[in-house]
Amino acid sequence: FVLLSGFISLSVKTYKIKAAFLSVDGVVVGSEVKIAGVKIGEVSSVKINNKTYSAEVEMKVSSKYQIPSDSSANIVSSGLLGGKYIEIVPGFKETNLKNGNTMIKTQSGINLEKLISAFASGDLGKKN
């Protein structure tokens, strides 16, 4: 039995971690979670926090991967036209994230459409 995008099977144990971003453009349930380009999990939910108005992402990570508690989560594009995924950059602490923990360090992805539009209109680099 294989569930979702083929990563989670009944024999693979997982744990959940969370992260909050200013924007999660292109990240959806099933988006990959990677370390050094290797898939270690996937996004299991995306929702808005009604108090902070940040986007909260919950990720299922294979239990065979232990992530240091000071790691960061970045939203990255899979090439120019590819989808988005979450890249975990491991930290150096000896304590690891546990089931239900929230990652503090996050970086939202670059919106290429806005960047190209700003470049085309000449707004890129202007100071207000």
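Summary of the structure given here.

Let us look at the packing of aromatic side chains. This model, assessed by the stated rule, comprises 0 aromatic pairs. Looking at Lys34, its charged tip hangs above the ring of Tyr85, at a distance of 4.4 Å from the centre.

Here we have 8 strands laid out as an open sheet, ordered 9-3-6-5-4-8-7-10, and mixed in their pairing. Because the sheet does not close on itself, it has two edges, and the strands there are strand 9 (102-103) and strand 10 (105-107). Inspection of the sheet shows strand 4 (residues 32-35) paired to strand 5 (residues 38-48) by 4 bridges, in the antiparallel sense. In the strand pairing of strand 5, Val33 is matched with Gly41.

Cut-offs applied
The residue numbers shown here count from 1 along each chain, following its written sequence. Two thresholds apply to this predicted model, a pLDDT of at least 70 for residue-level local features and 80 or more for giving and counting side-chain atom pairs, whereas whole-chain, interface and lining totals are computed over all residues. The side-chain numbers reported here are obtained from all heavy atoms of the structure, hydrogens and water having been left aside. Stacked, tilted and edge-to-face pairs are distinguished by plane angle, under 30 degrees for stacked and over 60 for edge-to-face with tilted covering the rest, among Phe, Tyr and Trp rings (Trp via its six-membered ring) whose centres lie within 6.5 Å. Comment: the charge-over-ring label is applied if NZ (Lys) or CZ (Arg) is within 6 Å of the ring centre and within 35 degrees of the ring normal. A strand pair is defined by DSSP finding two or more bridges across the two strands. Numbering of helices and strands runs from the N terminus, with a helix taken as a DSSP run of H or I at least four residues long and a strand as a DSSP run of E at least two residues long.

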